[in-house]
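# Summary of structural features
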Amino acid sequence: MGRRHLFRALLADRSGASASEFALIVPVLVILITALIDFGGLIYTRLQVASATHAGASFAAAQGFNQAGISTAMAGGASIAITAATPVESCGCPDAAMGVVAATCGSTCTSGAVAGKYVTVSASASYPFIYTWPGLSNPTTLSSTARVRIP
């Protein structure tokens, strides 16, 4: 009778249930928190790269084509280390479907407007994930390009 009573008492005891439930849910929570941190860092890096290209394009729009000035503005436009490509000056005609179509400076576009000067700035940065996620390269490279018409 003593053993039977002890066995029933152990089955009725719920004092360790919350600890075992916690042990089951902890790995899931760790993966979720790691994913939040990883993808939050990825989004932050992407925004910094876009900010750098925006800063370079804004400088070009205000000051015209100045390769050193654009590169300096791009470096100052991000709070992380970015790789800025050399800014490119080109001539072209605006096109609704293609963006900007290459043309000779001063020539007449199909719309009747005069071909304008454009500056294209590009930047990229590498983001190393904390955890290697399936389907994503580690590290992954994020890039941004901006084009602006200059006077």
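Residues numbered from 1 in each chain as written. Predicted model: local features only at pLDDT ≥ 70, side-chain atom pairs only at ≥ 80, totals over all residues. Heavy atoms only, no water.

### Considerations on the state of the cysteines
Applying the stated criterion across every chain yields a total of two disulfides. Residue pairing for Cys91: its cysteine sulfur links by disulfide to Cys105, the two sulfurs lying 1.3 Å apart. Of this pair, Cys91 sits in strand β2 (residues 88–95) while Cys105 is found in the loop between β3 (99–102) and β4 (116–127), placing the two residues 14 residues apart along the sequence. We classify Cys91 as buried; its relative accessible area is 14%. (Disulfide = S-S within 2.5 Å. Helix = DSSP H or I, 4+ residues; strand = E, 2+ residues; numbered from the N terminus. Buried < 20%, exposed > 50% of the residue type's maximum accessible area, 1.4 Å probe, protein only.)

### Some remarks on the nonpolar core
One finds Val49, Ala57, Ala60, Ile70, Met74, Val119, Val121, Ala123, Ala125, Ala146, Val148 and Ile150 forming the largest nonpolar core, which totals 12 residues. Secondary structure elements with two or more residues in this core: α2 (17–63), α3 (67–76), β4 and β5 (140–150). The element that contributes the greatest number of residues to this core is β4, accounting for four residues. Discounting chain neighbours no more than four positions away, the residues touching Ala123 are Val49, Thr53, Met74, Ile82, Thr83, Ala84, Leu142, Ser143 and Ser144. Ala35, Leu42, Phe129 and Leu142 belong to the second-largest nonpolar core, a separate cluster that totals six residues. (Core = buried A, V, L, I, M, F, W, Y, C linked by side-chain atoms within 4.5 Å. Contact = heavy atoms within 4.5 Å.)

### Quick look at α2
In this model α2 runs 68 Å from its N-terminal to its C-terminal C-alpha over 47 residues, within 8% of the 69 Å that 1.5 Å per residue would give. Bending of α2 peaks at approximately 35° at the position of Ile25, with proline Pro27 no more than four residues after it. Positioned one or two residues after α2, Gly64 has a phi angle of 85°, which is positive. (Expected span 1.5 Å × (residues − 1). Bend = angle between axes of the 7 residues up to and from the residue.)

### Description of the environment of Leu136
On the secondary structure map, Leu136 appears in the loop between β4 and β5. Judged by its relative accessible area of 38%, Leu136 is partly exposed. As for Leu136 and Ala68, which are separated by 68 residues in sequence, their C-alpha atoms are 35 Å apart. With near-sequence residues (within four places) excluded, Leu136 lies in contact with Phe39 and Phe129.

### Some remarks on the packing of aromatic side chains
Taken as a whole and judged by the stated rule, the model has four aromatic pairs. Aromatic side chains Phe39 and Phe129 sit 5.9 Å apart centroid to centroid with 55° between the ring planes, which places their arrangement in the tilted category. Of this pair, Phe39 sits in helix α2 while Phe129 sits in the loop between β4 and β5, and the two are 90 residues apart along the sequence. Residue Phe39 is classed as partly exposed on the basis of its relative accessible area of 31%. By relative accessible area, Phe129 is classed as buried at 7%. Centre to centre, the rings of Phe39 and Trp133 are 5.7 Å apart; their planes meet at 40°, and the pair counts as tilted. (Phe/Tyr/Trp six-rings, centres within 6.5 Å; stacked < 30°, edge-to-face > 60°.)

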